[in-house]
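Structural overview
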Amino acid sequence: MAEVMRPEKLDMSNETSSLGSPELLHVLAVDDSIVDRKFIERLLRVSSCKVTVVDSPTRALQYLGLDGNHSSVGFKDLKINMIMTDYSMPGMTGYELMKKIKESAAFREIPVVIMSSENILPRIDRCLEEGAEDFLLKPVKLADVKRLRDSLMKADERACKNIMHKRELQANDIYSQLKRVNI
């Protein structure tokens, strides 16, 4: 007769969070200004983040595979933890980019942070009400980036704990079912 392992004997410790360690945090940074792009890229790298930078919302949508052309990056395997975008860009604002991302089933849960050098309260409020994780005034500070990174890591940790709890409940249920049929 096969041995049925009690749930507390099951080793689930090899599960790792998607962020696991800070250097695995992958940020997509979108800004039309090369100076601002380089600056935010540097801040993110100093904060132990993997960074992908693009120069427009259109390029961001292409990178995410949301431009209607499914031959873009293999977005099923694409792991982006956060998107940071400038608000004022030609062709499409950061707000409009965020709305398109939030409409996507694949990326709607990705936090989007909007940055701007313009402190316009109605704009800030609208972005936050419509789903922006945060709104940062430029120049973005290292402390802002570290706060965002730490917040994301804590959220990921909570999500991982919830998954582990669900798996423990499922294991207990399976154990109970197997015990009832005397396997």
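As the structure is a computational prediction, the values presented were derived from the model and not from experiment.

This part is about the overall build of the protein chain. Of the regular secondary structure elements, the protein chain holds five helices and five strands. Ordered by position from N to C terminus, the α and β elements of the protein chain give β-α-β-α-β-α-β-α-β-α. Expressed as a percentage of the 183 residues in the protein chain, the buried residues total 39%. Here the protein chain displays about 11,000 Å² of accessible surface, and carbon together with sulfur accounts for 51% of that area.

Our focus in this paragraph is helix α1 (residues 34–46). Taking 1.5 Å as the rise per residue, α1 with 13 residues should run 18 Å; its terminal C-alpha atoms sit 18 Å apart, in good agreement. Where α1 ends, the next residue or the one after it, S48, has phi of about 65°, a positive value.

It is worth spelling out the UniProt feature "modified residue: 4-aspartylphosphate" (unreviewed entry) in the protein chain at this point. The UniProt record marks D86 with the feature "modified residue: 4-aspartylphosphate" (unreviewed entry), using the residue numbering of this structure. Relative to the elements of secondary structure, D86 occurs in strand β3 (residues 82–86). When neighbours within four sequence positions are excluded, D86 is seen to be in contact with V30, D31, D32, G94, M115, S116 and K138.

Turning next to the sheet that holds strand β1 (residues 26–30). Taken together, five strands build an open sheet; the order of strands is β2-β1-β3-β4-β5 and the sheet is parallel. The open sheet has two edge strands, β2 (50–54) and β5 (134–137), and neither has a second partner. Adjacent strand axes in the sheet meet at a mean angle of 20° when their direction is disregarded. Note: strand β4 (residues 112–116) against β5, four bridges, orientation parallel. Note on β5: the bridge partner recorded for V113 is D134. Contacting β1, β3 and β4, helix α3 (residues 94–103) crosses the sheet at an angle of about 175° to β4. Sitting on the sheet, helix α4 (residues 121–129) touches β4 and β5, and the angle it makes with β5 is about 150°.

Among the nonpolar cores identified, the biggest contains 25 residues, and L28, V30, L64, I80, I83 and I114 are the most heavily contacted of them. Excluding anything up to four places from it in sequence, I80 contacts H26, L28, Y63, L64 and I110. Of all hydrophobic cores here, the second largest spans 17 residues; its members include V27, L43, V51 and V145.

For the rest of this paragraph, the subject is unusual backbone geometry. In this structure, P139 follows K138 across a cis peptide bond, with omega equal to 0°. Here P139 lies in the loop between β5 and α5 (142–180). The backbone of S48 shows a phi angle near 65°, a positive value even though the residue is not glycine. By secondary structure assignment, the location of S48 is in the loop between α1 and β2.

A few words now on the packing of helix α2 (residues 57–64) against α3. The N-to-C vectors of α2 and α3 enclose an angle of 15°; their axes lie 10 Å apart at closest approach. One finds that α2 runs roughly parallel with respect to α3. The handedness of the crossing between α2 and α3 is right-handed. Contacts between α2 and α3 involve P57, A60, L61 and L64 from the first element and L97, K100 and I101 from the second. Residues of the contact of α2 with α3, tallied by class, amount to six nonpolar, no polar and one charged.

Across the five residues that make up β3, a large majority, five, are buried. Residues M82, M84 and D86 point to one face of β3 and I83 and T85 to the other, with burial holding for every one of them. With four bridges connecting them, β1 and β3 associate as parallel partners. If you follow L28 over to β3, its bridge partner there is I83. Looking at chain direction, β3 and β4 are connected through four bridges and run parallel. Within the sheet, the bridge partner assigned to I83 lies in β4 and is V112. For the crossover that starts at β3, traverses α3 and ends in the parallel β4, the hand is right-handed.

Definitions and cut-offs
- Sequence order as written defines residue numbering, which begins from 1 separately in each chain.
- Under the rules for a predicted model, residues below a pLDDT of 70 receive no local features and side-chain atom pairs below 80 are neither given nor counted, while totals for whole chains, interfaces and linings still include all residues.
- Excluding hydrogens and water, the side-chain figures rest on all heavy atoms present in the structure.
- Note on conventions: DSSP H or I runs of at least 4 residues are helices, E runs of at least 2 residues are strands, and numbering of each starts at the N terminus.
- Whether a residue is buried, partly exposed or exposed follows from its accessible area with a 1.4 Å probe, protein chains only, as a fraction of its type maximum: under 20%, in between, or over 50%, in that order.
- All accessible-area figures derive from a Shrake-Rupley calculation using a 1.4 Å probe, and residue coverage is judged against the displayed protein chains alone.
- For a helix, the expected span equals 1.5 Å multiplied by the residue count minus one.
- UniProt positions are given in the numbering used here, feature names are shortened, and annotations may be inferred rather than shown by experiment.
- By the convention used here, residues are in contact when the closest approach between their heavy atoms is within 4.5 Å.
- The pairing criterion for strands is at least two bridges between them, as found by DSSP.
- Here an angle of 0 to 180 degrees is reported between the N-to-C directions of two axes, which are lines fitted to C-alpha atoms, with helices fitted over the stretch in contact.
- Definition of nonpolar core: a set of buried residues of the types Ala, Val, Leu, Ile, Met, Phe, Trp, Tyr and Cys, connected through side-chain atoms within 4.5 Å.
- We call two directions roughly parallel when the angle between them is under 35 degrees, roughly antiparallel when it is over 145, roughly perpendicular when it lies between 65 and 115, and oblique otherwise.
- The handedness criterion is simple: a crossing whose near helix is rotated anticlockwise from the far helix by less than a right angle is left-handed, and one whose near helix is rotated clockwise is right-handed.
- Gly is placed with the polar residues, together with every amino acid not listed as nonpolar (Ala, Val, Leu, Ile, Met, Phe, Trp, Tyr, Cys and Pro) or charged (Asp, Glu, Lys and Arg).
- Crossover handedness is defined here as right-handed if the route from the first strand over the helix to the second strand goes clockwise, with the strands pointing away from the viewer.

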